[in-house]
Amino acid sequence: MAKFQFQGRDSKGGAVSGELDVVSQNAAASELSRRGIIPVKITEVEDSGKSLSEINITIFKPKVNLDELIIFCRQMSALTRAGIPIMRAMKGLADSTNSELLSETLTDVTKRLESGINLASSMQIYPDVFSDLFISMIHVGENTGQLETAFKRLSESLELERNTRKRIKKATGYPKMVIGAIMTALFIVNLFVIPKFASVFAKFGAELPLPTQILVATSEFCLDYWWLMIGLVIAGIYGFKQWVKTEKGNYIWDRKKLTFPIVGVLFEQISLSRFTRNFSMMLAAGMPITHALAIAAESTGNKFIAARIFDMKVGIERGDSLLRTARTTEIFTPLVLQMIAVGEETGSIDSLLNEVADFYDEEADYSLSRLSEAIEPILIVAMGGIVLVLALGVFLPIWDLGSAAMGKG
């Protein structure tokens with residue numbers, strides 16, 4: 001017998017966790033399914049008595065990217081629509097995919113299917129490949145007999161996620177390039193240019209202007225303590241990443257991101273678009289509203305917004321309406337609240353939420369199109385300030401160099 005730790009969600013969408021003493025992960029997944037728990041993560045508790053040679057340490061862990069998952073979902077949707085048995089379809093895709101990790105995953109999932117475990121429980125063993133949203137949609141598709149529709153909606157959701165990432169990358173490409181050029185220029189000037197000027201000025205004994213003194217002092221500090229600066233930068237980045245990994249740190253950072261100038265509104269729009277789109281998709285698939293809220297909250301990518309959505313779930317469990325709980329979160333605009341109200345009144349909340357997601361997508365597109373326009377003036381001013389300091393520091397003493405040389409002569 002081995003000990004396994006698990007995390008999952010019960011029939012009401014509440015988070016549950018604990019330990020199981022079973023022979024394998026398959027047995028753990030089967031036991032959780034029997035208890036009515038949707039597993040999110042199952043990990044074996046390592047035996048502390050293992051020798052170092054038995055411990056497998058992976059530094060660079062391979063991942064399955066979005067493009068590969070999108071292709072997989074599209075192919076599964078087409079194959080199930082054509083009536084091909086699920087195990088045969090999975091075997092074929094495992095042999096045809098270009099991703100070694102995805103191929104190994106699908107092969108193992110197929111073996112679990114052959115042993116009698118359902119598809120959702122088989123996939124949840126691989127949380128690094130299949131997200132909570134992915135597993136939940138497959139679970140709903142299996143229970144409702146709409147597995148083809150579940151794969152189709154998942155492919156659409158993943159495509160939206162990919163397009164959002166591409167838009168963000170495109171909008172931030174120019175600012176990243178400019179900031180990189182500025183940092184490179186400062187590095188070269190501080191380490192190579194300023195020391196040469198300083199040695200020339202010292203020969204003439206000229207009194208250096210204040211901007212030049214600042215540049216020389218900065219350059220000397222960089223030359224003498226470069227190792228300390230690099231160490232502090234690495235330690236700062238590592239410390240920040242470790243802090244963000246904590247529950248409290250992640251929550252504080254995600255909340256802070258929403259208050260950033262220019263990009264804060266964009267982060268909020270993208271997170272709410274993900275939530276409303278996925279929430280609508282799960283409601284349309286027949287998932288209970290509280291369970292759908294819990295899963296959709298985790299798909300937002302922002303812990304602060306997810307906490308507000310979990311508050312909605314708690315309010316609905318108390319008997320409040322979706323509109324009332326949405327209003328108390330204070331994260332939705334009046335227009336969105338009005339659309340939710342109409343959806344509740346007409347019984348078409350899933351389609352109205354799709355309209356809300358489209359609204360957020362349009363707002364995010366508009367914000368992304370204006371992002372470069374908003375950042376460019378700031379970058380120009382910053383570059384102008386840096387160039388001004390460098391120009392004053394370098395050229396002011398050159399203007400006095402002639403008179404200093406004459407005095408020396």
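Residues numbered from 1 in each chain as written. Predicted model: local features only at pLDDT ≥ 70, side-chain atom pairs only at ≥ 80, totals over all residues. Heavy atoms only, no water.

Asks: Is there a simple way to think about the overall build of the protein chain in this case?
Replies: What the protein chain contains, in helices and strands, is 16 helices and 3 strands. Going through the 409 residues of the protein chain one by one, you find that 39% of them count as buried. Contacts in the protein chain between residues at least 24 apart in sequence constitute 61% of all its contacts with a sequence separation of at least 6. Put simply, the protein chain shows about 23300 Å² of open surface, and 59% of that area lies on carbon and sulfur atoms. (Helix = DSSP H or I, 4+ residues; strand = E, 2+ residues; numbered from the N terminus. Buried < 20%, exposed > 50% of the residue type's maximum accessible area, 1.4 Å probe, protein only. Contact = heavy atoms within 4.5 Å. Areas by Shrake-Rupley, 256 points an atom, 1.4 Å probe, with all protein chains shown as cover.)

Asks: Is there a simple way to think about helix α15 (residues 334-346) in this case?
Replies: Residues spaced three or four apart along an α-helix face the same direction, because each turn holds 3.6 residues. Relative to the 18 Å expected for 13 residues at 1.5 Å per residue, α15 spans 18 Å between its end C-alpha atoms, a close match to the ideal helical length. Inspection of α15 places Val336, Leu337, Met339, Ile340, Ala341 and Gly343 among the buried residues, and these make up the whole buried set. Looking one or two places after α15, you find Gly347, whose phi comes out positive at around 75 degrees. (Expected span 1.5 Å × (residues − 1).)

Asks: How should I be thinking about the packing of aromatic side chains in this particular structure?
Replies: How two aromatic rings sit relative to each other is given by the distance of their centres and the angle of their planes. Scanning all chains against the criterion turns up 12 aromatic pairs. Centroid distance Phe130 to Phe134: 5.0 Å. Interplanar angle 45 degrees. Geometry classified as tilted. Phe134 shares its class with Phe130; the two are buried. Seen in terms of ring centroids, Phe275 and Phe279 are 5.4 Å apart; in terms of plane orientation they differ by 10 degrees. Their pairing is stacked. (Phe/Tyr/Trp six-rings, centres within 6.5 Å; stacked < 30°, edge-to-face > 60°.)

Asks: Mind showing me how you'd approach the side chain of Asp254 here?
Replies: Examined against the element boundaries, Asp254 turns out to sit in helix α10 (residues 247-257). Residue class for Asp254 comes out buried when judged on its relative accessible area of 4%. At 2.7 Å, the side chain of Asp254 forms a polar contact with the backbone nitrogen of Lys303. The contacts of Asp254, once residues within four sequence positions are left out, are Gly301, Asn302, Lys303 and Phe304. (Polar contact = N/O pair within 3.5 Å; in protein donor to acceptor, adjacent residues only side chain to side chain.)

Asks: Please clarify how the nonpolar core should be interpreted in this entry.
Replies: Nonpolar side chains in soluble globular proteins generally cluster together in the buried interior. Counting residues in hydrophobic clusters, the biggest one holds 66 residues, and the most contacted among them are Phe72, Met123, Phe134, Phe151 and Phe332. What Phe134 contacts, discounting residues up to four positions off in sequence, is Phe72, Cys73, Met123, Phe151, Leu154 and Leu158. Counting residues in hydrophobic clusters, the runner-up holds 11 residues, among them Ile182, Val263, Ile375 and Leu379. (Core = buried A, V, L, I, M, F, W, Y, C linked by side-chain atoms within 4.5 Å.)

Asks: What is the right way to read a nonpolar patch on the surface from this model?
Replies: A contiguous nonpolar patch, built from Phe221, Tyr225, Trp226, Trp227, Leu228, Met229, Ile230, Leu232 and Ile234 and spanning about 930 Å² of accessible area, is present on the exposed surface. Looking at the nonpolar patch, the element that brings in the most residues is helix α9 (residues 226-245), giving 7 residues. (Patch = residues over 30% accessible without salt bridge, like charges linked within 9 Å, V, L, I, M, F, W, Y side chains within 5 Å. Salt bridge = Lys/Arg side-chain N within 4 Å of Asp/Glu carboxyl O.)

Asks: Explain the environment of His139 to me, please; I cannot follow it from the model alone.
Replies: Position of His139 among the secondary structure elements: in helix α6 (residues 132-144). C-alpha of His139 to C-alpha of Ile38: the two residues are 101 residues apart in sequence and 8.4 Å apart in space. Here His139 is in contact with Ile38 and Ala120, once residues within four sequence places are set aside.

Asks: It is not clear to me how the packing of helix α14 (residues 322-329) against α15 should be interpreted in this structure. Could you clarify?
Replies: Between two packed helices, both the angle of their axes relative to each other and the distance between the axes serve to describe the pair. Contact geometry of α14 with α15 gives a least axis separation of 9 Å together with a crossing angle of 165 degrees. As judged from the angle between their axes, α14 and α15 are roughly antiparallel. The interaxial crossing formed by α14 with α15 has right-handed handedness. Side by side, α14 and α15 meet where Leu322, Leu323, Ala326 and Arg327 of the first sit next to Leu337, Ile340, Ala341 and Glu344 of the second. Class assignment of the residues belonging to the contact of α14 with α15 gives a composition of 6 nonpolar, no polar and 2 charged. (Axes fitted to C-alpha atoms, helices over the stretch in contact; angles between N-to-C directions. Parallel < 35°, antiparallel > 145°, perpendicular 65-115°, else oblique. Left-handed = near helix turned anticlockwise from the far one by under 90°. Nonpolar A, V, L, I, M, F, W, Y, C, P; charged D, E, K, R; others polar.)

Asks: Please explain the environment of Arg112 as it appears in this structure.
Replies: Mapped onto the fold, Arg112 is located in helix α4 (residues 100-114). Linking Arg112 and Ser122, residues 10 residues apart in sequence, is a C-alpha distance of 6.0 Å.

Asks: Would you mind showing me how to read the pattern of salt bridges here?
Replies: If charged atoms from side chains of opposite charge come close, those side chains can pair. Going through the model one piece at a time under the given rule, you end up with 12 salt bridges. Put simply, Asp67 and Arg162 hold a salt bridge, and the shortest N to O gap is 2.8 Å. On the criterion of sequence distance, the pair formed by Asp67 in helix α2 (residues 66-81) and Arg162 in helix α7 (residues 147-204) is long-range, its members being 95 residues apart. Among the residues examined, Asp67 registers a relative accessible area of 37% and is labelled partly exposed. Among the ionic pairs, Arg81 bridges to Glu148, the shortest N-O distance being 3.8 Å. Separated by 67 residues along the polypeptide, Arg81 in helix α2 and Glu148 in helix α7 bring together distant segments of the chain. By relative accessible area, Glu148 is classed as partly exposed at 29%.

Asks: How should the packing of helix α13 (residues 303-317) against α14 be read in this particular structure?
Replies: It is at 9 Å that the axes of α13 and α14 come closest, and there the two elements cross at 145 degrees. In the crossing of α13 with α14, the sense of the turn from one axis to the other is right-handed. Between α13 and α14, the residues in contact are Arg308, Met312, Gly315 and Ile316 and Leu322, Thr325, Ala326 and Thr329, respectively. Of the residues in the contact of α13 with α14, the class split is 4 nonpolar, 3 polar and 1 charged.

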